[in-house]
Amino acid sequence: MIIKERGITEEVFTLYSGLEVVDLLNQIGEVKCEAVINWMESLDVNVEETVIVGAYVTGMKLAEQFKKFSQVTVIDIQPHLKYLLGDDIDFTDDLTRISQADMVIDTTGLGGLSPESVREFVNSDVEVFLTEDPTADGSDHSIIEKSNIMDRIHLASSRYKGVLKTEGLKTKTSGTMTLTMEVLRKSLDDILKINGVLYGVAGMNFYEGVLFKEEDYDKFSRLMRKPALITSSLQPLSSDDTLEKHLQKINSQVEDVSI
């Protein structure tokens, strides 16, 4: 639902999108979760214990989904990220918990879980190992070369192995926050091209700085509840339609790389 009010003069409307920044984040997370769950359900495996490495956004959304049918533990070295998770999800910085899982999902991306840790902890008792590809359809060569996820895949002793890939917006990385910012950027660009639009403001902020540098979860959560787009226009318009158009371009799939 679009919220509108008169602007500085009676000739102008100020329009607030019904979608908040957190709504975009959640929708993108759900696309990734659906791809992971569809792949997992295609495997001949019973997942009772899931370990997710990386609590930030994608890990948080996967934890919400997997707790519906398995015990979930999230591993992260940032202790304040536990506030992203529900009370019924275990949180630890202990990598040895990996070896106790039926399924391990690595969402740490660039510079995250090391191949050496995978070799040490992802043993043959871990039936499923999934890692998220941090690159996307707009990745440059430097980012592609920096990624070591295939080393992690090769060193895992799991029976089933997969790589979660997300594309659609020509972004350099597949991070959920990266994709959220790109939806905002592209949507604002489209809105500004509409006749009668004076200017627009997207709900863009350095959210990672708030969460990781300031370590202020309450502020992070509060900022994420802001309207995704605010538009000044001569006529009412629906910025939600523009946001949804770009959200629909995002697609995720798991590439099965089991040997």
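Residues numbered from 1 in each chain as written. Predicted model: local features only at pLDDT ≥ 70, side-chain atom pairs only at ≥ 80, totals over all residues. Heavy atoms only, no water.

### Overview of a nonpolar patch on the surface
Alright, step 1. On the surface, a nonpolar cluster with roughly 470 Å² of combined accessible area is contributed by Leu-192, Leu-198, Tyr-199, Val-201 and Leu-234.
Alright, step 2. The leading source of residues in the nonpolar patch is strand S9 (residues 197-202), at three residues.
Alright, step 3. For Leu-234, the position within the fold is in the loop between strand S10 (229-233) and helix H9 (239-247). (Patch = residues over 30% accessible without salt bridge, like charges linked within 9 Å, V, L, I, M, F, W, Y side chains within 5 Å. Areas by Shrake-Rupley, 256 points an atom, 1.4 Å probe, with all protein chains shown as cover. Salt bridge = Lys/Arg side-chain N within 4 Å of Asp/Glu carboxyl O. Helix = DSSP H or I, 4+ residues; strand = E, 2+ residues; numbered from the N terminus.)

### Examining the environment of Tyr-16
Alright, step 1. Among the structural elements, Tyr-16 can be located in strand S2 (residues 13-16).
Alright, step 2. Residue classification places Tyr-16 among the partly exposed positions, given a relative accessible area of 22%. (Buried < 20%, exposed > 50% of the residue type's maximum accessible area, 1.4 Å probe, protein only.)

### Some details on the sheet that holds strand S4 (residues 71-75)
Whether parallel or antiparallel, the strands of a sheet pair through hydrogen bonds between backbone atoms.
Alright, step 1. One open sheet holds the seven strands; their spatial order is S5-S4-S3-S6-S7-S8-S11, and the pairing between them is mixed. The two strands at the open ends of the sheet, each matched to only one other strand, are strand S5 (90-92) and strand S11 (251-256). Taking each pair of neighbouring strands and ignoring which way they run, the sheet shows an average axis angle of 20°.
Alright, step 2. Judged from the four bridges that link them, strand S3 (residues 49-53) and strand S6 (residues 103-106) form a sheet pairing that is parallel. Residue pairing for S6: Ile-52 is matched across the bridge by Ile-105.
Alright, step 3. Seen against the sheet, helix H1 (residues 21-41) touches S6, strand S7 (128-132), strand S8 (160-167) and S11 and runs at an angle of roughly 30° to S11.
Alright, step 4. On top of the sheet, helix H2 (residues 58-66) reaches S3, S4, S6 and S7; it is set at about 170° to S3, its chief contact. (Pairing = 2+ DSSP bridges. Axes fitted to C-alpha atoms, helices over the stretch in contact; angles between N-to-C directions. Contact = heavy atoms within 4.5 Å.)

### So, the pattern of salt bridges
Alright, step 1. Within this structure, the stated rule accounts for 14 salt bridges.
Alright, step 2. The partner of Lys-172 in a salt bridge is Asp-140, with the nearest N and O atoms 3.0 Å apart. Pair noted here: Lys-172 is in the loop between S8 and helix H6 (176-192) and Asp-140 is in the loop between S7 and helix H4 (141-146), with a separation of 32 residues, a long-range link.
Alright, step 3. Look at Lys-172 and you get partly exposed, because its relative accessible area is 45%.
Alright, step 4. Of the charged contacts, one joins Asp-190 and Lys-245 as a salt bridge, the two residues approaching to 2.8 Å between their closest N and O atoms.

### Let's talk about H9
Alright, step 1. Turning to H9, its buried residues number three or more, namely Ser-239, Asp-240, Thr-242, Leu-243, His-246 and Leu-247. Within H9, the buried residues cover an arc of 160° as seen down the axis, which keeps them to one side.
Alright, step 2. Buried residues along H9 sit against H1, H6 and S10. (Arc of directions from axis to C-beta.)

### A few points about the pairing of S4
Alright, step 1. Burial analysis of S4 places four of its five residues in the buried class, the great majority of the element.
Alright, step 2. Sheet topology places S3 next to S4; five bridges connect them, and they run parallel. Counterpart to Thr-50 in the pairing with S4 is Val-72.
Alright, step 3. The β-α-β motif built from S3, the intervening H2 and the parallel element S4 has right-handed crossover chirality.
Alright, step 4. Here three bridges tie S4 to S5, and the two strands are oriented parallel to one another. Paired with Ile-75 across the two strands is Thr-92, which belongs to S5. (Right-handed = clockwise from strand over helix to strand, strands pointing away.)

### Brief notes about the environment of Ile-89
Alright, step 1. Along the chain, Ile-89 falls in the loop between S4 and S5.
Alright, step 2. When its relative accessible area of 7% is taken as the criterion, Ile-89 is described as buried.
Alright, step 3. When the C-alpha atoms of Ile-89 and Lys-67 are compared, they prove to be 7.3 Å apart, with 22 residues separating the residues in sequence.
Alright, step 4. Excluding anything up to four places from it in sequence, Ile-89 contacts Ala-63, Glu-64, Lys-67, Val-72 and Val-74.

### Remarks on the layout of surface pockets
Alright, step 1. The volume enclosed by the largest pocket comes to roughly 880 Å³.
Alright, step 2. For the largest pocket, the lining is made up of 33 residues, of which Tyr-56, Thr-107, Thr-108, Gly-109 and Leu-110 are closest to its centre.
Alright, step 3. Within the residue set of the lining of the largest pocket, elements represented by two or more residues are H6 and helix H7 (207-213).
Alright, step 4. For the lining of the largest pocket, the leading source of residues is H6, giving three residues. (1 Å grid on protein atoms, 1.4 Å probe; cavity = no way out; pocket = protein on both sides within 12 Å on 5 of 7 lines; lining within 4 Å. Points joined across faces, edges and corners; volume = space filled by probe spheres on them.)

Remember that the coordinates give geometry; whether it matters functionally is a separate question.
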